[in-house]
Structures are given as structure tokens and as C-alpha cells.
Amino acid sequence: MATHRNPADLVRVLPLDGLPATTAAPQLTAQQHRDMFRSMLLVRMLDEKMLLLQRQGRIAFFGPSAGQEAAIIGSGSVARAQDWIFPALREAGVALHRGFPLEQYFGQLFGNVLDPQKGRQQPMHFSSAAVHQVSLSSPIATQLPQAVGAAYAAKLRGDDVVVFGYLGDGATSEHDFHCALNFAGVWKAPVLFICQNNGWAISVPFEKQTASDGIAVKAAAYGMPGIAVDGNDVLAVRAATQMAMDRALRGEGPALLELVTWRRGGHSSSDDPSRYRDEASIPAWVLIDPIERYRDYLRANNIVSAAEEQTISAALKSAMDAALVTAEAAPGPAMDTLFTDVYATIPAHLQRQMESAGSDTSGRAEGAFPL
Amino acid sequence: MTANTGTTVMTLLQALNLALTEEMERCEDVVILGEDVGRAGGVFRTTDGLQAKFGEARVMDTPLAESGIIGAAIGMALYGLRPVAEIQFSDFIFPAMDQIVSEMAKFRYRSGGEFTCPVVVRAPSGGGIRGGHYHSQSPEAYFCHTPGLVVLAPSTPEDAKGLLKSAIRGADPVIFFEPKRIYRTVKGEVPNDPDFTVPIGKARIARAGKDVTVIAWGAMVHTCLEAAEKAARNGVDIEVVDLRSLVPLDEVTVLDSVRKTGRVVVASEATRTCGFAAEISALIAEEVIEYLQAPIVRVTGYDTPFPYALEHVYMPGPDRVLAAVHRVKTF
Ligand SMILES: Cc1ncc(C[n+]2csc(CCOP(=O)(O)OP(=O)(O)O)c2C)c(N)n1
Ligand SMILES: [Mg+2]
């Protein structure tokens, strides 16, 4: 892995290996810092717990985000209540930070009645109208032109809304990425394209994904600024996202943020990166824990003490455990949820199928063969 | 017995890997491209070991863009190579739809036969792996509806090997649906002969029977065989026809079976409306209605997106097939 990104080329606030800050720390209240830190701890905690649940067979699938907490929370925390999120795979933390309840989060992973989507989607496809976050759609990059459309609509109505369209580095190869940036540039839509460049698209390393020098440079071709940020530096991410947000709010249109981070684990719970990734050649800087970097800052500036952190962690853990117990006990979705929401009202042919489905399952038990 | 004349027991996945290996050894023009097919050997391990064996120039990890994969494969084929493109899940074939439907399928026709693109597109399909909407679908009907494409859907290791080799050696573009649910669970004898092929356009009688014809393809063949065993215990003798090749279709085998039994069930995992099961039903109604002693009955997925938690309700199991058999038997 010779060529991930050179940290010297990235916007930075928190010091790294003797590299100086390139931009000032964002002006945040102590409460904002605590909220961001709490969310980063939560994302890490969920990650560890959910991978365990997956190994125990209690959930079918999980997409971890360990090591990407700064990118996720540093950007997502800039979104206001009215802003919209079109996520990729690893932005559940954005929804949680903005109030998505843990019971619903777990309900989605279990696919049961607590899931606002009625257990219809594979785990990780969280969605909640309450926090203006649509679900990840597995087909990569499809969310990006949609984010542009939503941003255009907000602009048309004169609403004070900015749309966040998240993506991975792999997604920049899909045509939807390019047409989204192109449309957004032409329309000056209030949309932020936030790319978590974690170095990998499943087994494909960054240098096989694109020959360009990073992702941020791609913005130039579409007439918008591209900013490459140390994505493991939560304050740099926050500052850069805020800058892009302020531009959008001034009517100056879209921006592309490249948050350079690292996928520490497998692509998902089904993946074994040792098959294709040489751990010895991983650039050392990407493995410096984003949570520790932030913790050092918070301690040095007397924002979160060790004792306070313990209280935060303990509270998160008990909230997580309690929500998990509730969620795991919830029943699966009712049979009719298979057929509702396909259309606004169930057409006749589907109604017939729904009725026959009941009788079909009654014949499922072994030995019930009717002949 | 030489290695060339015997058989070896293997999984469907191993049979596919063997077919690719043999064809790459046979012909330097055969190349593989797709997401994660090289270093990692594919997310299902279908191309395991091939990059190590044949090099990065012939086994390519591409950027993440299906239209790029298929478009580039078309260009390679126009130039004379024999590309085998992998779409990681058939659910992700849609970004390449324009290249497949507008380009790959029509090149021969629109160039008066001067330019052809014999690309093989491999696509794992079907449900039963708890994959939800986007890792479960059976999109074969879209491609059967597109003139110019050969559409294959094997259900056994032997057919997987033999049909993939025929596809790679053939003259036309092929969409090759692999039944991913049974990649590792179905094992069978596979001929060792590196020139063993299975002809495109020939169905297979998976189980001979006299009372009811059940027609299926892909993983659903095994569901129907299970149903047939249950039915046999109740004195009903089901004939299971494994189509293997959807386009071109072996009409003779299908219609002969129906003439024999007079009762038909067509089973498919795909959504019902405009599915390939409807095409089979129409063919039978048009050609041999005078032999039918009961209406043709389809067993299919429902006309809904593929669900997650209720997957077991959506997917037709042996009991749903048997309920349909019961209907045509007692009509
Ligand atoms: C259209 C499409 N093609 C292929 C896939 C399979 N797939 C799922 S995630 C992924 C890699 C995504 O990489 P990246 O965009 O970098 O995001 P990351 O997983 O690193 O967060 C691939 C190839 C898919 N989901 N959709
Ligand atoms: Mg990535």
C-alpha cells in the first residue's frame, strides 16, 4: 500500500506525528464537544457489540465503522435538525447523533416490529423520517443524484436546508457519482458530497479505484471546491464541513469533502481482509485512533475529564444494554407487511397474492402435504 | 481410467472455478474482469486462485462501476478477446443495463453481423441468504425479454461447468445466472474432460415422472425435486424439467413432457408478473392446450420487493410447489 493519501496534504486541526495544524479549531461549546465525543464512543461501542452479536448468530450482518468515528461524527454533527442525510454504508452514527433511537437501531438489525421499515431490509439499512435520514441503498452511489434533487427542491422552496450526500471512495467510480456532481454544480444546489475515503472498496485498494491524486481533485471538473481533510481528526472534519455548509447557506452551491480515514476491520461481518490486505504495509498514521486523538485534545483543554468520560461511557453502556434487551424481545413483522407499502393502496392482484400467502404457509408444516 | 475420462465430485462453486481455469488455459483470449475477482478471488470465491495463476493482466480487479465493466468487456470482445465479466450480485446488474440491453444485445444485428461481442456476464442470483432487497433478486426475465442475449441458469455442478464452457466458447453474449444459495451445498459428479461442454438450448429431465410436469430452473430445481420426493411418498409421480437454458429454450423437451402428463406447474423464485414462468405458461397454452387436463399453475415469488425478515414466506418452498401440484392433480 504505497499510495493512500499523504497526511501532509490534508486539512488538520489536531496535531499528528509532528505535522502542524493547518486550520484553527472550530468554535464549539463544551456541550457540543461532549456530544460529539459521546457519539464517537457510542459508534465504537456499538461496533464491538454488534460484531459480537453477529458472530453469535443474533444478527445476520453488520458493517463496522471502527476507525471512521471522527469522519462520521465530525461531519454529521454539522447537520442541523432540518437538514437531510443521504447516507452510504457507514453513517448510522450520523442518525444516532441526531436522535435516532437505539431501540429502532437494534430493531432494524433484528428486522422486527421496532424497525420503522418493518423488517423489510437487510441489517444496516437504517432509515428515519424523524431525523431526515433516508436509508442506505445497497446499490452503490444511487443516493447521490437523489441528494442533489432534494437539495434543489429545498432551494426551490426557499427552505433553510442543506443536504448531505455520503459516499465511499469506491462509489466515486460509479456514473451516479459523476452525474450527481455535475448536476449539483450546474444547479448550485445546497448539497455537500462527503466521501469517507477509507482506502478500500471491499478488497480493492484506493490506487486501483482511481488514478487521480485523491478524491478532492475531482471536484474541480464539476465547478465546486474539493477539500481533502484528515478524516481521523474530528475537529478538522467538523471545521471543513462547517465551511462547506456556510458556503451552501450563502447560496454558493455544493462542495466535495474527502475525509481521509481507514477501514480498520473487514468490509463487513462477512469479510476477511487478511485474504487481500497486507497488514504490514498499512501506513502508520491512519491507525492512530481518532478517538484517542480527540480525547487528548479534550483532556488538554479541560473539556472532558477522565472521570466524566467514565460517567459518559457507563451511561452509554447501560442505555445500549437496556435498548438491546427491549429490541431483541420484540416480535418479527406481521405477515401483511410483506404486501403493504408496495403501492399506496394494494392493487387487486397483490391482494389475491396476500390472501393466498396465508393459506400457503398453513401448508408449510412437514407432513401437511395435501395429496 | 485417465484424468480425462473420469468424473470428480465437487460443489457448484468448484465446478465454475474449474470451468474458468480450463478455459483460460485453453485460450489466451479468455480474460476475467469485475469487482473483487482478482486478489480476493471474488466475494463468493468463484475466481479463487485465478489471478495468482494467470496474472493481473488477465484477471482484473476493476473500479466499482458495472457499466464500465460491461462496456469494457464489450470493447474487448469486439476486438477479439473472450471476456468473462462478473457482476458481484445480479441485483447490481442494473447500472450496466444500458450497456447490456442497448449495446451488447444489439451489436451483431445493428452491424449486419460484422461486429459481435461474445461477452459472458456471470451473475450470482436468487434468495435464501438473508440478503434483503438487493442481494436476493432473480432478474432473469429482463434479459429473456431482450433479443440478442443468451440466458442460462444451471442448477448442478455438471451443468455449471459445461454450460459456462459453452458460453465462453459460444458466438453470442450470455447472461449466466448462478444459483448462489446452493454454491456450496449442492455437490455432484463433474466430468474431468477439459472439452466437456453442455449444449446451450437443451433442457434436462431432472427427475422422470408420469403424473405432473414441474418446470423450474436454477436453485428452484432443488426445491421442486424435494417436493417430488414428498409427492412420491403420497403416490404422485412428478417429472421435474430443469430448463438450464432460458433463451434459447428447449421447447421440444418442455412440450413432450406436458403431452405425457397433461398437468403442469411452473416454479420460479422471481416476481410473478411478466416473469419467465408466464412465458413458459403461454408457450404451453399455445402449443399443447389440447393435452392439458388442468390449468397451468405458476408458483412464484410475490409481486413485492424481496423482503428480509419474511424471506421464508416470500420464497416458494416445497410446500408451495406441492399445493400447486395438488391443484393441478385434483382439478
Ligand atoms: C452497484 C453496486 N455494485 C457493487 C456492490 C457491492 N459492494 C458493496 S460495498 C462495495 C464497496 C464499497 O466501497 P466504498 O464505496 O469505498 O465504501 P466502503 O465500503 O469502503 O465504506 C461493493 C463493491 C454494490 N453494493 N452496489
Ligand atoms: Mg471505501
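So, how was this worked out
- Residues numbered from 1 in each chain as written.
- Chains lettered and ligands numbered in written order.
- Predicted model: local features only at pLDDT ≥ 70, side-chain atom pairs only at ≥ 80, totals over all residues.
- Heavy atoms only, no water.
- Helix = DSSP H or I, 4+ residues; strand = E, 2+ residues; numbered from the N terminus.
- Rg over C-alpha atoms; globule rule 2.2 N^0.38 Å.
- Buried < 20%, exposed > 50% of the residue type's maximum accessible area, 1.4 Å probe, protein only.
- Contact = heavy atoms within 4.5 Å.
- Areas by Shrake-Rupley, 256 points an atom, 1.4 Å probe, with all protein chains shown as cover.
- Domains from an automatic or database assignment.
- Buried area = accessible area lost by both parts, 1.4 Å probe.
- Salt bridge = Lys/Arg side-chain N within 4 Å of Asp/Glu carboxyl O.
- Donors = N, O, S within 2.8 Å, 3.2 Å for Na, K, Ca; no water.
- Pairing = 2+ DSSP bridges.
- Axes fitted to C-alpha atoms, helices over the stretch in contact; angles between N-to-C directions.
- Disulfide = S-S within 2.5 Å.
- Near = heavy atom within 4 Å.
- Polar contact = N/O pair within 3.5 Å; in protein donor to acceptor, adjacent residues only side chain to side chain.
- Nonpolar A, V, L, I, M, F, W, Y, C, P; charged D, E, K, R; others polar.
- Patch = residues over 30% accessible without salt bridge, like charges linked within 9 Å, V, L, I, M, F, W, Y side chains within 5 Å.
- Lys, Arg positive; Asp, Glu negative; His and termini not counted.
- Charge placed at Lys NZ, Arg CZ, Asp CG, Glu CD.
- Parallel < 35°, antiparallel > 145°, perpendicular 65-115°, else oblique.
- Left-handed = near helix turned anticlockwise from the far one by under 90°.

**Q** Explain the overall build of chain B to me, please; I cannot follow it from the model alone.
**A** Of regular secondary structure, chain B possesses 12 helices and 14 strands. Compactness check: chain B gives a C-alpha radius of gyration of 20 Å against a globular reference of 20 Å for 331 residues, within 12% of the reference. Counting only C-alpha atoms, chain B reaches 60 × 50 × 45 Å along its principal axes. Every one of the 331 residues in chain B was classed for burial, and the buried ones make up 63%. Of the contacts made within chain B by residues no fewer than 6 positions apart, 82% connect residues no fewer than 24 positions apart. For chain B, the accessible surface area stands at approximately 12000 Å², while carbon and sulfur atoms represent 52% of it.

**Q** I'm lost on the overall build of chain A in this one. Help?
**A** A tally of regular secondary structure across chain A gives 11 helices and 7 strands. A globule of 371 residues ought to have a C-alpha radius of gyration of about 21 Å, and chain A, at 22 Å, matches this closely. A principal-axis box enclosing the C-alpha atoms of chain A has dimensions of 80 × 50 × 40 Å. Within the span of chain A, comprising 371 residues, buried residues form 55% of the whole. Nonlocal contacts in chain A, meaning residues at least 24 apart in sequence, comprise 73% of its contacts between residues at least 6 apart. Taken as a whole, chain A presents about 14400 Å² of accessible surface, with 56% of it coming from carbon and sulfur.

**Q** Honestly, the domain arrangement of chain B in this entry has me stumped. Any pointers?
**A** A common way to report how large an interface is uses the accessible area buried once the components associate. Residues and elements named next belong to chain B. What the domain assignment reports for chain B is domain 1 (7-191) and domain 2 (204-329). With 27 residues of domain 1 in contact, the opposing surface of domain 2 contributes 26 residues. With both chains or domains summed, domain 1 and domain 2 bury close to 2000 Å², and 56% of this area falls on carbon and sulfur atoms. Considering only the surface of domain 1 that becomes buried against domain 2, R130, A153 and R181 emerge as the three largest contributors, covering 24% of it. Run the count over domain 1 and domain 2 and you get 3 salt bridges. Residues R244 and D159 are paired through a salt bridge, measuring 2.9 Å at the closest nitrogen-oxygen approach.

**Q** How should I be thinking about the coordination of the magnesium ion (ligand 2) in this particular structure?
**A** The reference angle at a metal is 109.5 degrees if four donors form a tetrahedron and 90 or 180 degrees if six donors form an octahedron. All names here are of chain A. Bound to the magnesium ion (ligand 2) on the protein side are D169 (OD), N198 (OD1) and W200 (O), at distances that span 2.1 Å. Here the donor residues of the magnesium ion (ligand 2) are spaced in sequence according to D-x28-N-x1-W. N198 gets classed as buried once you look at its relative accessible area, which sits at 4%.

**Q** In this structure, what is going on with the sheet that holds strand β12 (residues 245-247) of chain B? I would like to understand it.
**A** For sheets, the rule is that strands pair by backbone hydrogen bonds, running either parallel or antiparallel. Residues and elements named next belong to chain B. In spatial order, the strands read β3-β2-β4-β5-β7-β6-β12; together these 7 strands make up an open sheet with mixed pairing. For this open sheet the edge positions go to β3 (59-61) and β12, each flanked by a neighbour on one side alone. Within this sheet the neighbouring strands show an average axis-to-axis angle of 20 degrees, counted without direction. One ladder, built from 2 bridges, connects strand β6 (residues 150-152) with β12; its direction is antiparallel. Note on β12: the bridge partner recorded for V151 is V247. Along the sheet, helix α3 (residues 66-79) contacts β2 (30-34), β3, β4 (82-86) and β5 (120-125); its crossing angle with β4, the most-contacted strand, is approximately 170 degrees.

**Q** How should the state of the cysteines be read in this particular structure?
**A** One pass over the structure, following the stated rule, counts 0 disulfides over all chains. A:C195 provides the cysteine sulfur closest to A:C179, a residue in no disulfide bond, and the two sulfurs are 16 Å apart. No disulfide involves B:C27; its nearest neighbouring cysteine sulfur is the one of B:C117, lying 17 Å away. Of the residues examined, B:C27 reaches a relative accessible area of 16% and is grouped as buried.

**Q** How should I be thinking about the pattern of salt bridges in this particular structure?
**A** Residues and elements named next belong to chain B. Taken as a whole, this structure holds 43 salt bridges over all chains when the rule is applied. When the shortest N-O distance is used, the salt bridge between R110 and E103 registers 2.9 Å. Salt-bridge contacts for D237 lead to R207; the nearest nitrogen and oxygen are separated by 3.1 Å. With D237 in the loop between α8 (220-233) and β11 (238-242) and R207 in strand β9 (residues 204-207), this pair connects stretches of sequence that are 30 residues apart.

**Q** How should I be thinking about the site of ligand 1 in this particular structure?
**A** Of all residues adjacent to ligand 1, which total 19 residues, the nearest are A:R90, A:S138, A:G170, A:W200 and B:E66. Bordering ligand 1 are residues originating from chains A and B. Contact between ligand 1 and A:S138: a nitrogen atom at 2.8 Å from a main-chain N or O atom of the residue. The contact in question runs from an oxygen atom of ligand 1 to an N or O atom on the side chain of A:N198, over 2.9 Å. Notes on ligand 1: free accessible area 580 Å², of which the protein chains cover 93%. Tallied by class, residues from the shell around ligand 1 come to 8 nonpolar, 6 polar and 5 charged.

**Q** How do you make sense of a negative patch on the surface when you look at a structure like this?
**A** Residues and elements named next belong to chain B. The grouping of E251, E279, E286 and E287 at the surface amounts to a negative patch. It is helix α10 (residues 276-288) that provides the largest number of residues to the negative patch, a total of 3 residues. Residue position: E279 is located in helix α10. Looking at E279, the relative accessible area reads 47%, which means it is partly exposed.

**Q** Sorry if this is basic, but what is going on with the sheet that holds strand β14 (residues 297-301) of chain B here?
**A** Residue and element names in this part refer to chain B. Ordered in space as β9-β11-β10-β13-β14, the 5 strands form an open sheet in which the pairing is mixed. Two strands in the sheet have a free side with no partner beyond their single neighbour: β9 and β14. Averaged over all neighbouring strand pairs, the angle between strand axes comes to 25 degrees, with direction disregarded. The sheet strands contacting α8 are β9, β10 (212-216), β11 and β13 (264-271), and the helix crosses β11 at an angle near 170 degrees.

**Q** Can you walk me through the pairing of β5(B) in this structure?
**A** Two faces, one strand: in a regular strand the side chains alternate between the faces of the sheet. Residues and elements named next belong to chain B. The buried fraction of β5 amounts to 6 of the 6 residues, a majority that puts the element mostly inside the structure. Every second residue of β5 is oriented toward a common face, with V120, R122 and P124 on one face and V121, A123 and S125 on the other, all of them buried. Here 3 bridges tie β4 to β5, and the two strands are oriented parallel to one another. The partner of V84 across the bridge, within β5, is V120. When β5 meets strand β7 (residues 174-179), the two strands line up parallel, connected through 6 bridges. Residue pairing for β7: A123 is matched across the bridge by F177.

**Q** Any chance you could explain the packing of helix α1 (residues 12-26) of chain B against helix α7 (residues 157-169) of chain B here in plain terms?
**A** Each pair of packed helices can be summarised by the angle the axes make with each other and by the distance between the axes. Residues and elements named next belong to chain B. α7 packs onto α1 with a crossing angle of 30 degrees between their chain directions and a minimal axis gap of 8 Å. In terms of axis orientation, α1 runs roughly parallel to α7. In the packing of α1 onto α7, the handedness of the crossing is right-handed. For the pair α1 and α7, contact is made by L12, A15, L16, L18, A19, L20, E22, E23 and R26 and by P157, A160, K161, L164, K165, I168 and R169, respectively. Here the contact of α1 with α7 is composed, by residue class, of 10 nonpolar, no polar and 6 charged.

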